[in-house]
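Structural characterization, general
This is what each chain is made of:
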Amino acid sequence: MRPPVEVCVVIISLLAPGVLYAMNNIPALQEPLPILGMGMVVLGLVLLLLLLTVRGKKNVDPLFYVFAEFSFTCMVGLMNALEQDGFISGFMSFYLRAGEPHLSAAYALMMSYWEGVVHLVLFLTIIHRMFRGKSYRSLGLLWAGSSIAHQIVHIPGVVIGKYGSNIRPAFWRNVPFFLVPFWAASLLFSRPREMPVVTADKISVEQKKGLLSRPVDLLLSLLLLGAMAFSVFRGFVVLDCPLDACFTYIYQYEPYLKDPVGFPRVMMLVYFFYTLPLLTVFIYGLRTPGCSWMLDWTIFFAGAMAQTQWCHIGASLHSRTPFTYRVPADKWWPVITLNVLLAAVPALLALRCRANPAYFMKPVPKGQTSKEKKKN
């Protein structure tokens, strides 16, 4: 009897440590171009194994190959994180030397932990649900937001930061990992939304309530405004704004923002130019009934913010970050609290939309509710 597909994916992913160990001990495979070539060959072989795994199954979702292939790379990321923190050795030194030296930075280390734990669990859960005919669209959007945020900070951060002068051929293997999540996200957004059954009467009642009559939404709107203000302020900080408040903040509260690795600067600019508009439209969605797009985009956004804030907080405290760029001990609580809140607010917004979606559903045409029909 063939084992479940998710078990096969786990077994294939567990081949990653063996591949890394072999490459780390074969000198011929430790040069820049052979590392890139071998990486492409390994990913091709993993895809072949996955094709054999689902052989005979009908109508296999194309996203299965994305999630399963990425599960293998998640294990590579986890091996990197564990080796950099001294838990294991003998797997990644060749790759950090001749492949992607930037993976030794604290920010990249936190990205590796996120990939190796959070993304891997998401992939296995999605594959489990996929082959049992259950919906996984929301989990897929959560991953898509996280993965896209990962790459739009990771790739520019490497190019403009201190590692930009030491880019090796293996770095370009990130290009497909940058493009595929966008394709997967477009596929997921185009699929039918998972909608609970809500009566027309309930939708009508919820959508007649103003913002002041919905204290949870009012509080979320205020928190989103706070997140907007914080994003604008830190955007000004990394753009070298001469205001005293910006100077004080970057030197006394979050010196990590000026770390030459480049990742924190790129992340703050992404927040300034992309997160800020999204926060604005979310406030609009909380004030305007019938914005059904809120049910999807809040999940996507929650994944993105959780990933970037995890990496930012972890890197600003990690021992691999030079001491002068870490959060000062006496400013630890205010800085970490603000950063945790910045990750928590989008998650709370997504949970609110999912728990009680009536306000965001399409408005009921006049005269269609049960009460109005009785009157007529």
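Our structure's up above, just so we're on the same page.
Here is a short report on the structure shown in this document. The structure displayed is predicted, hence computed values, not measured ones. (Residues numbered from 1 in each chain as written. Predicted model: local features only at pLDDT ≥ 70, side-chain atom pairs only at ≥ 80, totals over all residues. Heavy atoms only, no water.)

Quick notes on the overall build of the protein
Along the protein, the regular secondary structure elements total 15 helices and zero strands. Computed over its C-alpha atoms, the radius of gyration of the protein comes to 23 Å, within 12% of the 21 Å expected for a compact globule of 376 residues. Considering the protein as a whole, with its 376 residues, one finds that 50% of them fall into the buried category. Across the protein, contacts joining residues at least 24 apart in sequence account for 78% of those joining residues at least 6 apart. Carbon and sulfur atoms make up 68% of the accessible area of the protein, which totals about 17700 Å². (Helix = DSSP H or I, 4+ residues; strand = E, 2+ residues; numbered from the N terminus. Rg over C-alpha atoms; globule rule 2.2 N^0.38 Å. Buried < 20%, exposed > 50% of the residue type's maximum accessible area, 1.4 Å probe, protein only. Contact = heavy atoms within 4.5 Å. Areas by Shrake-Rupley, 256 points an atom, 1.4 Å probe, with all protein chains shown as cover.)

A short note on the environment of arginine 191
By the secondary structure assignment, arginine 191 is in the loop between α8 (174-190) and α9 (200-207). Among the residues examined, arginine 191 registers a relative accessible area of 25% and is labelled partly exposed. Not counting chain neighbours up to four residues away, the residues in contact with arginine 191 comprise Asp61, Leu63, Tyr136 and Arg137. Looking at arginine 191, its side chain comes within polar contact range of the side chain of tyrosine 136, at 2.7 Å. (Polar contact = N/O pair within 3.5 Å; in protein donor to acceptor, adjacent residues only side chain to side chain.)

Side note on unusual backbone geometry
The phi angle at asparagine 59 is positive, at roughly 55 degrees, despite the residue not being glycine. One can find asparagine 59 in the loop between α3 (32-53) and α4 (62-84). Classification of asparagine 59 by relative accessible area gives exposed; the value is 78%.

Structural notes on the packing of aromatic side chains
One pass over the full model with this rule turns up 27 aromatic pairs. Here phenylalanine 70 and phenylalanine 177 contribute two aromatic rings whose centre-to-centre distance is 5.0 Å and whose plane-to-plane angle is 50 degrees, an arrangement assigned as tilted. Of this pair, phenylalanine 70 sits in helix α4 while phenylalanine 177 is found in helix α8, placing the two residues 107 residues apart along the sequence. Residues phenylalanine 70 and phenylalanine 177 agree in their burial class; the two are buried. Here phenylalanine 282 and phenylalanine 301 contribute two aromatic rings whose centre-to-centre distance is 5.3 Å and whose plane-to-plane angle is 65 degrees, an arrangement assigned as edge-to-face. Placement of the pair is phenylalanine 282 in helix α12 (residues 263-287) and phenylalanine 301 in helix α13 (residues 294-317), with a sequence separation of 19 residues. Comparing phenylalanine 282 with phenylalanine 301, the two get one shared label, buried. Feature note: the residues Phe67, Phe70, Phe123, Tyr136, Trp143 and Phe177 constitute an aromatic cluster, connected by ring pairs. (Phe/Tyr/Trp six-rings, centres within 6.5 Å; stacked < 30°, edge-to-face > 60°.)

Notes on the nonpolar core
Nonpolar side chains in soluble globular proteins tend to end up buried together. Counting 64 residues, the largest nonpolar core has Tyr107, Leu224, Met294 and Leu349 as the members making the most contacts within it. Among the elements that make up this core, the one with the highest residue count is α12 (eleven residues). Residues in contact with leucine 349, not counting those within four places in the same chain, are Leu220, Leu224, Phe282, Leu286, Met294 and Thr298. Counting 38 residues, the second-largest nonpolar core is a separate cluster that includes Val9, Val46, Leu78 and Ile299. (Core = buried A, V, L, I, M, F, W, Y, C linked by side-chain atoms within 4.5 Å.)

Considering α13
Counted at 1.5 Å a residue, the expected span for α13 with its 24 residues is 34 Å, and the 34 Å between its end C-alpha atoms agrees. Extensive coverage of α13 is indicated by the burial of 20 of its 24 residues. (Expected span 1.5 Å × (residues − 1).)

Remarks on the side chain of serine 316
Among the secondary structure elements, serine 316 is positioned in helix α13. We classify serine 316 as buried; its relative accessible area is 2%. With near-sequence residues (within four places) excluded, serine 316 lies in contact with Tyr256, Arg326 and Val327.

Structural notes on the pattern of salt bridges
For the coordinates displayed, the defined rule picks out ten salt bridges. Notably, a salt bridge pairs aspartate 296 with arginine 137, separated by 2.8 Å at the nearest N-O pair. Highlighted residues: aspartate 296 in helix α13 and arginine 137 in helix α7 (residues 137-160), separated in sequence by 159 residues. Residues aspartate 296 and arginine 137 agree in their burial class; the two are buried. Aspartate 330 is paired through a salt bridge with lysine 331; the nearest N and O atoms lie 3.0 Å apart. (Salt bridge = Lys/Arg side-chain N within 4 Å of Asp/Glu carboxyl O.)

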